[in-house]
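Breakdown of the fold
Take a look at the letters that make up each chain.
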Amino acid sequence: MLIFQRVITTASFLLCGVLSSFLYLPTCLAGERDSSPFYVFDIRSLREVDRSNLDDVRRVWDETLLISALQGLANRDEAALYLFYVNGFGHETDEFWLERFSQPIPNSNPIRKGWLQDRERRQIANLNDALEVFHDKYDGVVLYDEKVPATVNVALTICGVENLLPLRYDEAPESLYNRLVVSENGLKLPVKARLINEDGSSLFTGEGNIPGTNQPSSGSAKTDAYLWMIENYINARRVNAAEGGYYIDAFWISHPNGAVQNHCLTNRDFVVANRGFFFDLSPWEDEAPNDDPTQPLGADFKTFNAVMKAAYDATGGKKIIRVAGFTPWDTKYTDHGNCGGKHGGVDTEWRHAEILSSYNGYLDADALGVGAMANASFYRHFPLDDFYPQKKPTKEDLRKRGLVDSNDRPIDKTFVAIYVGDYDSAAWVYQSAPAFWHDDARGTVPISWAFNPNLADRFAPGFDYFRRTKSDLDFFISGDSGAGYVNPTCFEEPRLSGLPDGLDVWIEHCKKYFKRWDISGVGFLIDGSARTSDRNTLARLSEYAPSGITTHRGSTMGVVSNPYGSKTPYRPMNFDLANPEQGKNIILGDVRHNLGPQFNMYRTILWSPTQLKSLYEMVKADPDRGDRVEFVDAYTFWTLLKLEASAVGKEELEIRL
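What counts and how
Residues numbered from 1 in each chain as written. Predicted model: local features only at pLDDT ≥ 70, side-chain atom pairs only at ≥ 80, totals over all residues. Heavy atoms only, no water. Helix = DSSP H or I, 4+ residues; strand = E, 2+ residues; numbered from the N terminus. Rg over C-alpha atoms; globule rule 2.2 N^0.38 Å. Buried < 20%, exposed > 50% of the residue type's maximum accessible area, 1.4 Å probe, protein only. Areas by Shrake-Rupley, 256 points an atom, 1.4 Å probe, with all protein chains shown as cover. Axes fitted to C-alpha atoms, helices over the stretch in contact; angles between N-to-C directions. Parallel < 35°, antiparallel > 145°, perpendicular 65-115°, else oblique. Contact = heavy atoms within 4.5 Å. Nonpolar A, V, L, I, M, F, W, Y, C, P; charged D, E, K, R; others polar. Pairing = 2+ DSSP bridges. Salt bridge = Lys/Arg side-chain N within 4 Å of Asp/Glu carboxyl O. Phe/Tyr/Trp six-rings, centres within 6.5 Å; stacked < 30°, edge-to-face > 60°. Lys NZ or Arg CZ within 6 Å of the ring centre and 35° of its normal. Left-handed = near helix turned anticlockwise from the far one by under 90°.

Within the chain, the secondary structure is distributed over 19 helices and 22 strands. Taking 657 residues into account, the globule formula puts the C-alpha radius of gyration at 26 Å, and the chain, at 25 Å, falls close to it. Along the first, second and third principal axes, the C-alpha set of the chain runs to 85 × 55 × 50 Å. Every one of the 657 residues in the chain was classed for burial, and the buried ones make up 63%. Of the roughly 23,500 Å² of accessible surface on the chain, 49% is carried by carbon and sulfur atoms.

What follows is about the packing of helix H7 (residues 221–234) against helix H9 (residues 299–314). Two elements in contact, H7 and H9, have axes whose closest approach is 10 Å; the angle formed by their N-to-C orientations is 10 degrees. On the basis of the axis angle, H7 is roughly parallel to H9. Across from Lys-222, Thr-223, Tyr-226, Leu-227, Ile-230 and Ile-234 in H7, the residues of H9 making contact are Ala-299, Asp-300, Thr-303, Ala-306, Val-307, Ala-310, Ala-311 and Ala-314. In terms of residue class, the contact of H7 with H9 is made up of 10 nonpolar, 2 polar and 2 charged.

With that settled, consider the sheet that holds strand S18 (residues 556–561). Two pairing modes exist for strands in a sheet, parallel and antiparallel, and in both the strands are linked by backbone hydrogen bonds. The mixed open sheet is built from 5 strands, whose spatial order is S16-S17-S19-S18-S22. Unpaired on one side and paired on the other, strand S16 (521–525) and strand S22 (652–654) mark the two borders of the sheet. If you compare each strand with its neighbour and ignore which way they point, the axes differ by 15 degrees on average. Here S16 pairs with strand S17 (residues 548–551) via 3 bridges, running parallel. Within S17, the position partnered with Leu-525 by the bridge is Thr-551. Sitting on the sheet, helix H19 (residues 634–648) is in contact with S16, S17, S18, strand S19 (567–572) and S22, with an inclination near 110 degrees to S19.

Attention shifts here to the sheet that holds strand S12 (residues 361–364). Taken together, the 4 strands give an open sheet; going across it, the order is S10-S9-S11-S12, and neighbouring strands pair in parallel fashion. The open sheet has two edge strands with one neighbour each: strand S10 (277–279) and S12. Adjacent strand axes in the sheet meet at a mean angle of 25 degrees when their direction is disregarded. Bridge count for strand S9 (residues 243–246) against S10 is 3 bridges, and the pairing is parallel. Bridged to Gly-245 within S10 is Phe-278.

Before going further, it helps to spend a moment on the pattern of salt bridges. Enumeration according to the criterion identifies 53 salt bridges in this entry. Of the charged contacts, one joins Asp-55 and Arg-58 as a salt bridge, the two residues approaching to 3.6 Å between their closest N and O atoms. With Asp-55 and Arg-58 both in helix H2 (residues 54–74) and 3 residues apart, this pair spans about one turn of that helix. Between Glu-492 and Arg-540 there is a salt bridge; the shortest N-O distance is 3.4 Å. Note that Glu-492 is positioned in the loop between strand S15 (474–477) and helix H15 (503–517) and Arg-540 in helix H16 (residues 535–541), a separation of 48 residues in sequence. Taken together, the salt bridges that share partners define one network made up of Asp-55, Arg-58, Asp-62, Glu-146, Arg-168 and Asp-170.

The subject of this paragraph is the packing of aromatic side chains. Tallied over the full model, the rule gives 48 aromatic pairs. Seen from their ring centres, Trp-115 and Phe-378 are 5.6 Å apart, and the 70 degrees between their planes marks the pair as edge-to-face. Here Trp-115, found in the loop between helix H3 (93–101) and strand S5 (121–124), pairs with Phe-378, found in helix H11 (residues 376–379); they are 263 residues apart in sequence, far enough to count as distant. Like Phe-378, Trp-115 is buried. Consider the rings of Trp-228 and Tyr-233, whose centres lie 6.0 Å apart with planes at 50 degrees: the pair is tilted. The same class applies to Trp-228 and to Tyr-233, which are both buried. When the ring centre of Trp-437 is taken as origin, the NZ or CZ atom of Arg-442, which lies over that ring, is 3.9 Å away.

Time to look at the packing of helix H17 (residues 580–589) against helix H18 (residues 609–620). In contact at an axis separation of 9 Å, H17 and H18 are set at 40 degrees when each is read in the N-to-C sense. Considered as vectors, H17 and H18 are oriented oblique to each other. Between H17 and H18 lies a crossing whose hand is right-handed. Across the interface between the two elements, Pro-580, Glu-581, Gly-583, Lys-584, Ile-587 and Leu-588 of H17 pack against Gln-611, Ser-614, Leu-615, Met-618 and Val-619 of H18. Taken together, the residues of the contact of H17 with H18 sort by class into 6 nonpolar, 3 polar and 2 charged.

Burial of helix H14 (residues 460–469) is extensive: 10 of the 10 residues sit out of reach of the surface. All buried positions along H14 are accounted for by Ala-460, Pro-461, Gly-462, Phe-463, Asp-464, Tyr-465, Phe-466, Arg-467, Arg-468 and Thr-469. If you follow the buried residues of H14, they end up packed against H3, H11, helix H13 (426–436), strand S14 (447–451), S15 and H15.

Bringing the pairing of strand S13 (residues 414–423) into the picture now. With 10 of 10 residues buried, S13 lies mostly within the body of the structure. In this structure, S13 lies alongside strand S20 (residues 598–605), joined through 8 bridges in parallel fashion. Paired with Thr-414 across the bridge in S20 is Gln-598. In the sheet, S13 pairs with strand S21 (residues 629–631) via 3 bridges, with the strands oriented parallel. Within S21, the residue paired with Phe-415 across the bridge is Glu-630.

Below, the structure written as C-alpha cells:
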C-alpha cells in the first residue's frame, strides 16, 4: 500500500536534523532591529461551538487544528504569524501580550524596547487568505482518520517533518477536506500523505501486521498508529526527539468537554515548528482506557513507554525531553465524570510524570482549565539576554532587617515563606500574568514567583518582561522540580524504565536554565508517587539549587553539602493554602511560642498578589500570634534556615509544629 505519495531523500532527513540544532536561534540578533511585517489572524470565533451539532464541532476542531499547524510552519524560521484566540483571567490573552510587546519595555536595551513596534501588522481575514499568504511554507496535506482518533497526533508529527497540513478525511460537502482538497472551487491542495485508505476505510485496524511493517499488531488500532509513528519517524531519526507534545487526540470531537480552548489545539504550533512528535496515551497498565476499551490490557501503557524509550534512544540518553501538555483528565484516563477509570486525577498526573521522568522526560504541564496557549512558535524568536540577574538577600541584609542576632542566628520568630505557583506550564504563566503581574498589590509584599525557567522557551518575551518590570519584593525561584516538572528520584536507579541513572543529565539541563535566569532555589520538589528524595538525592540536586530546596514530604529539615563547599538548606512543604481565610487559620495554627525560631513554607496555586497581601495582613492582625510571624521571600527563608543549622551545629533539624 502506498502510504506516502512522494519520496523524501536521505539528504533531506539529514537536513531536518541539522536544522533542529538551530531551532532556538532568534531571527533578530544582537545589533539588529527587525522591521519586517508580520500577520495577525483573529480566530476567536472558533471558541464558539454548538456542542449539540457534530458537524459544527468537527468544523471548529478541523479549522483550529489546521491553523495551529500552519502557524508552526510559518513561524519556523521567523516570527511571521500571530493568532488572537486565548482568553483567561478577564483578559483577551493574545491581544494583551501583542500590545504589551509592541510598546517600549522599561530597563531594556534598544533591540528589546518594543520588540514589535517597528514591524508592520498585516491582517488576515480568513483561512483561505492565511493559506495563500503562507503557501510557500507547506507542500500539501496529510489525511487522518477520525475513526482512529490517535491518527491526528501521528499526522501532526508528519506535518512538522514533511511541511504538511493536517486534514480529517471527510467526504461531506461542507467539510474542510472537501473545501481544500476536492472542490473545484477550492484550493485543490495536494494530498502528500495519508493515514487512512483511499476508499476511506481505516488503515490501522488492530489486526494482522502494522501497515507497511512486519511488526504484528498490538491488537489496538490506537496503539498501532503510534507504533507506526515510532518506527517511521522516531526510530528513523526524522523528528526532533527532544521535543514532544502530549495533547488530546480527535476523541475530543465526540467528547468536547469544558471550555472549548481546553482542547489545546493552539498549543501545538511550537512542537510542529520544532519538528517534534505527538501522542496521547494512558499511563495506567491495570485498566483499558475509556477511549479504546477493547484493547488488550496494558496496550496504552506499553506504547506510552515505547514512545518515550524511542525518544530516549534517539537522543542517546544525553538530552532532556520536553513533553508539553497534560493528561486530559476531564475526558480520559481518570475517575472524573464519565471517564470511567478507577484512578484519580492527581494519581494519574503523578503516574504520567513518573513515566516521563524514567526516560529523561519532563512535563511542560499545560493542565486543563488554564491549559490553552497560542503563539509559542512566534515568541521563540524573541532575542533573550544571556543573563538576567536578581538580587538575593545576604547575611548583611538580614542583619539590617533585624532578622538575625549579633551571632547571625535567626531571632525567635516564626518565619513564613509562601510558594507562589504552580507555574510549571508556559500556558499557566501566559494566561495568568496579565491579571496577576499587573495586580496593584504586587510590589507591596514579598512574593516568590515559582516560574520554571524552561518555560521561557515558549514564552521568551514574557520572561524578559517580568525581569525588567519586577519590584524589589518580587523574587524568582523554580517550581516543580527545576527546569521542568519531573520526579527527580525517577532519574536514579532503579528506574521504571530500567535505564541507567540519568540524574546528571537532568542536573546539567537545569544548570543551564538556572544560570541564565539567576535562579538558585527549588520551591517545590515533587516526588509524586515515586520514591521520596533523600539527603543523597538532595545533595546531588543542590548542584543547580544551592540556595535551597523545598521538598514534597519528609519528617526533618536541615542542610546537605553542595558541590560549592557550602550547605544547601531543605525543608518539606507544610500545606497547600486554599484561600486567605483558610490560610490564615493554618499559618496561625502552626505558630508555637518558646521553641526558638520556626521555619514554615506553604504552597499556593494561582493566587493573586491581592490575595497574598490579604493573607499577610490577616495573619499579622491576630492579637495573640500575629506579631510572632515574619513573612519572608524564599531566599531569605532558606538563608535563615541555613544559619539556624549552623548555629546549632546540626545537619538535621526537628520540624517545630
